Amino acid sequence: MAEQGQISLAGQRLGAPETLGISTLEPGHRPPAMPPGRLIPVRVLLLDDSEETFDISQRSSGRVLFEMVCSHLNLIEGDYFGLEFQDHHRRMVWLDLLKPIRKQIIRPKHTVLRFVVKFFPPDHSLLLEELTRYLFALQVRQDLASGRLTCSDASAALLVSHIIQSEIGDFEETTCRQHLLNTNYIPDQMALMDKIMEFHHKHVGQTPAESDNRLLEVSCKLEMYGIRLHPAKDREGTRLSLAAAHSGVLVFQGHTRINKFNWSKVRKLSFKRRRFLIKLRADPSQNVNQDTLEFLMASRDCCKVFWKICVEYHAFFRLFEEPRPKPKPVLFSRGSSFRFSGRTQKQVIDYVKENEFKKLPFDRKYSRVQFNSSLSSLPSALHQQAGKQSWEGLFFVSSEDSAVLRAYGNSSPSTQRNGCSNQMHPVQEDGRSLAAKHQPVDQAEVTCALVTLVNGHAEDCRGVTPSPLISPMLNGSTAIRTEDEEDNRRKIWPADNAFFIAKELLSTERTYLKDLELITVWFQRVLEKEECVPDSLKTLLNSTYEPLHTHHTHFLQELEERLSLWEDRSSVQVKGDFQRIGDLLLKTTQDLKSLSCQLQMNSECVYELERVCAVSQRLEFVCREFELQKVCYIPLNVFLLSPLHRLLHYRLILQRLCKHYLPTHSDYSDCKAALTDVYELEAGLHSGLVEMESYQKLLELQKDLSGVQNLAVAGRHLIRLGCLSKLSGKGLQQRMFFLFNDVLLYSTRGITSTNQFTVHRQLPLHGMTIRESEDEWGVPHSFTLMVQQQSLVVAACSESEMEKWMEDLKIAVDMAEESSGPTSVLLVSNKEASKCSGVSEVESEDDLSGSQTSMPQHGNNSANTLHRGNTTAHVCWHRNTSVSMMDFNIAMENRLSGNLLRKFKNSNGWQKLWVVFTNFTLFFYKTHQDEYPLASLPLLGYTVTDAGESENIHKDHVFKLHFKSHIYYFRTESEYFFERWMMVIRSATVSARRIRYLNRTEPD
């Protein structure tokens, strides 16, 4: 415990429980008991340069002291940090948490330990707590001042500008200049003072939490971020430096990185006397004759210190769980018994994700800004963008994913900037804030589940294999606007349901125009820079999508003008021509008939792009890389086919209007005529759309799968994909199955380092029989596949899943029997599969018990190593569910956009978001003008229900999304949109049965 007489701890002042902040323990467990013995004072220097004294037993292990420090700070994610001290050789070494302190520190009373960052994650969005990010920002501040974090002058000035924004608030020239004269942040600061002030001037409005986030966002991209150099020499005697990082062992010459050995390529790390040895995996493709690299360090102790650091970095970032201790040898031991102690990065994320913590305020020592910081998990800077880049790399996550990200959100934090109150309090029914009653704001923490980097990859963390599902959460702390309930209650909506149908048309048209801009602006801009792109492809894309973009731009302008008149409060009670939408729809459908050639060329664009990519590896790489950008939130081919999908949406909207209006209504005739035009357009495009949907899905799967070839061929189409458990000698093992009309494929366990599934086996459907086998094997929901005198026993996660698989398998077998010719061989050789997947060896079906990693390996920059990590197949894997082609077809029709108010389970306020539903996923934007989504939430596996009185939600039109322990509430503005959102979300959360799909009817 801390020395008596000192200032009370933050946790003590606020009544924090004793276990809060102990991130290395299971939930509810207490810190390890202090062993008996004489107490000795140990001094610890914290990152804010304050010094604390802790009284511990002289026989205590390093873990006791470390957890006392974490508890003192109320630090949840303490596993990123460590305690270092200077040993008797004047080297800085880490305190071993397993060994007694007295065996490591000769004179504890006279030694000052430093509490510093030990493990630097590749992306700042992996840090889920505001306090953690604040401590990381302090570490960056120290590294800049000491010269350890070297960078260009522009980067240094930008970093300092964020630091002083956090410390002194908004820019004021005299104050800023005086502060820089009094405080030195970087060497040679005077020369950069004007540049620092120029950057600081651009940060107006940023809170300290936002500044921390922006500071880390810039720092993570620097080559020397988190690097601790260890002097060494190579065999020729050249002076070098070695460093351990999240991705592997790095080699520096000066401050320039000259080599990198990924953990995936390292077979063994060892040291012998002064020699540090890196043994690499054999790589016959590069004719590597010598797989052992040798570096000479100053002494054996230096080698051992660096070796320990490498062991800990590898374990923390690569392993799923803390390695178990080796059994003690009976007679003698050989080698070091050192092992990593503590949670791995995956365990830290899971720990924060699965538990809820009270958000407690903390003090920022250097900040003059009056701002109550709390342990919110989402940086404010992620919401209030002073440039939209502050949301880069964010994503939601799945609860069951092995490397998911997790965060909590505060929906109503209190903030003050520069002494000026800018508070957001939970709004009461009478419109008054809690502040009026002098009640403290409840900093409710929120648990968010599921979802992925909008494109499945973090900004600087493409080596991380979270589930594809992974995300920083949408926290409501500051930037996302809270809907004012008083204004909302006074708002008068037109009573006619036609208004809401027209509003749905407007919302979805905005999203559709953004999708067209992705082709006409973003993708075309990328192609213009590449010499490998043939002019014929550029011309084809331009001539196809530019006319459509121009047409729909004008149509959207007309819609916005019409709806603004219709919605205007002064004209709600006045009838007029502006309270109709059929005339605009009739005009646009007639114009689309003149653009039918462009609509028919959509399919040709997909075929041509795929043909050119097959010839040019460079163009294939460019397209894959473009798909990983945040603006491309769904597969590129889906954007190319979006004009055809938009026709389906027009048909559904017009059908609802015709059903709503009486035949005598003035708008009925226009809507009916427009619907007739859409039917004519669909008739000419339907067969091509069905074929292209199947082809596009095969192309997407071809990228998701490793070890197969020629998947996208004429005549083949997908029937169902998803997870089943295969029964083997080792029990039930989860596998990914892909059912086509001629073959059944299934993969080995897990996702490769390139975000792909390695296909292990191909089962022909000719002669296959399917029977239930639950009684035979005693495995619930199991059935047996018999083919060519071989049997495969698989089990579904539920009875309904088993019925859907068996139904589709029987249909697929019937289709295969009716077709002529043998099934083509799709599997490639092990050697070719290894090259495609980026792994050195293809695992056998049952030999899959090796260590798994929570982060993917970095491959080379080839087209084969860039793959989306958030596709439907990845979601099915992490949710242990399946999706049929029928489900894809329904989801394509049920696209929806609009504003929703979102609330977490334990939060107080509602946050207004622009939400787009497509591809079984909700994509969240701050406003509809945003270029790319902030985060996404795949809905497969979720259930959607009406939030009733039992939920303690006393609002109308609220629906609830629920998955395991993760709950979200969403509120719509009207009964119409409540029913629409419920209907489209049910289409994604409940897999369609074939019979139900064929007989479904459009709800009112």
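Refer to the structure printed above.
Here the structure is a predicted model, which means the values were calculated and not measured.

Rules used in this analysis
Residues numbered from 1 in each chain as written. Predicted model: local features only at pLDDT ≥ 70, side-chain atom pairs only at ≥ 80, totals over all residues. Heavy atoms only, no water. Helix = DSSP H or I, 4+ residues; strand = E, 2+ residues; numbered from the N terminus. Buried < 20%, exposed > 50% of the residue type's maximum accessible area, 1.4 Å probe, protein only. Contact = heavy atoms within 4.5 Å. Pairing = 2+ DSSP bridges. Axes fitted to C-alpha atoms, helices over the stretch in contact; angles between N-to-C directions. Parallel < 35°, antiparallel > 145°, perpendicular 65-115°, else oblique. Left-handed = near helix turned anticlockwise from the far one by under 90°. Nonpolar A, V, L, I, M, F, W, Y, C, P; charged D, E, K, R; others polar. Core = buried A, V, L, I, M, F, W, Y, C linked by side-chain atoms within 4.5 Å. Patch = residues over 30% accessible without salt bridge, like charges linked within 9 Å, V, L, I, M, F, W, Y side chains within 5 Å. Areas by Shrake-Rupley, 256 points an atom, 1.4 Å probe, with all protein chains shown as cover. Salt bridge = Lys/Arg side-chain N within 4 Å of Asp/Glu carboxyl O. Lys, Arg positive; Asp, Glu negative; His and termini not counted. Charge placed at Lys NZ, Arg CZ, Asp CG, Glu CD. Polar contact = N/O pair within 3.5 Å; in protein donor to acceptor, adjacent residues only side chain to side chain.

S.K.: So, the overall build of the protein: which residues are in play, and what are the values?
M.R.: Tallying secondary structure elements over the protein gives 25 helices and 32 strands in all. The 1004 residues of the protein split such that 58% are buried. In the protein, once contacts between residues fewer than 6 apart in sequence are set aside, the share between residues at least 24 apart is 69%.

S.K.: Which residues make up unusual backbone geometry, and what values do they have?
M.R.: With a phi close to 70°, Asp 49 is a non-glycine residue in the positive phi region. Within the secondary structure, Asp 49 sits in the loop between β1 (39–45) and β2 (51–57). Notably, Arg 273 is not glycine yet its phi reads approximately 55°, a positive angle. With relative accessibility at 61%, the residue Arg 273 sits in the exposed group.

S.K.: How would you explain the pairing of strand β5 (residues 112–117) if you had to name every residue and give the values?
M.R.: As judged from the three bridges shared by β1 and β5, these two strands associate in the parallel manner. In the sheet register, Arg 43 faces β5, and the bridge partner there is Val 112. Where strand β3 (residues 81–86) meets β5, four bridges bridge the pair, whose relative direction is antiparallel. Bridging across to β5, Phe 81 finds its partner in Val 117.

S.K.: Which residues make up the packing of helix α13 (residues 582–594) against helix α18 (residues 668–704), and what values do they have?
M.R.: One can describe the packing of α13 onto α18 by two numbers: an axis separation of 8 Å at closest approach and a directional angle of 25°. As the angle between them shows, α13 and α18 are arranged roughly parallel. The hand of the α13/α18 crossing is left-handed. When α13 is examined against α18, the residues Gly 582, Asp 583, Leu 585, Leu 586, Thr 589, Gln 590, Leu 592 and Lys 593 are found in contact with a partner set consisting of Asp 670, Cys 671, Ala 673, Ala 674, Asp 677, Val 678, Glu 680 and Leu 681. Looking at the contact of α13 with α18 residue by residue, the classes come out as eight nonpolar, three polar and five charged.

S.K.: Any chance you could break down the nonpolar core for me, citing the residues and the numbers?
M.R.: Membership of the largest hydrophobic core comes to 124 residues, with the highest contact counts inside it found for Ile 581, Phe 738, Leu 922, Phe 959, Leu 961 and Trp 981. With 14 residues, the single largest contributor to this core is helix α11 (residues 497–528). In contact with Phe 738, not counting residues within four places along its chain, are Leu 701, Leu 705, Arg 720, Leu 721, Val 743, Leu 744, Leu 745, Phe 757 and Ala 873. Membership of the second largest hydrophobic core comes to 98 residues, among which are Ile 40, Val 44, Cys 70 and Ile 164.

S.K.: Please set out the sheet that holds β5 residue by residue, giving values where relevant.
M.R.: A sheet is described by the order of its strands in space; here five strands give the open sequence β2-β1-β5-β3-β4, paired in mixed fashion. Each of the sheet's edge strands pairs with one partner strand only, and the pair in question is β2 and β4 (92–94). Across this sheet, the average inter-strand angle for adjacent strands is 40°, counted without regard to direction. In the packing of helix α3 (residues 130–146) onto the sheet, the strands contacted are β3 and β5, and the crossing angle to β5 comes to about 110°.

S.K.: Describe the sheet that holds strand β30 (residues 943–946), naming the residues involved and giving the relevant values.
M.R.: In spatial order, the strands read β29-β28-β27-β26-β32-β31-β30; together these seven strands make up an open sheet with antiparallel pairing. Of all the strands in the sheet, the pair left with one neighbour each is β29 (935–938) and β30. If you compare each strand with its neighbour and ignore which way they point, the axes differ by 35° on average. Pairing geometry for strand β31 (residues 958–963) and strand β32 (residues 966–971), over six bridges, is antiparallel. Paired with His 962 across the two strands is Ile 967, which belongs to β32.

S.K.: Summarise a negative patch on the surface; cite the residues concerned and give the values.
M.R.: On the surface, Glu 772, Glu 774, Asp 775 and Glu 799 cluster together into a patch of negative charge. Examined against the element boundaries, Asp 775 turns out to sit in helix α19 (residues 774–777).

S.K.: Before we move on, can you summarise the environment of Thr 927 with the specific residues and values?
M.R.: The residue Thr 927 is located in the loop between β28 (921–925) and β29 in this model. The exposure class assigned to Thr 927 is partly exposed, which follows from its relative accessible area of 29%. Distance in space between the C-alpha atoms of Thr 927 and Val 915 is 8.6 Å, their sequence separation being twelve residues. A polar side-chain atom of Thr 927 sits 2.9 Å from a polar atom in the side chain of Gln 929.

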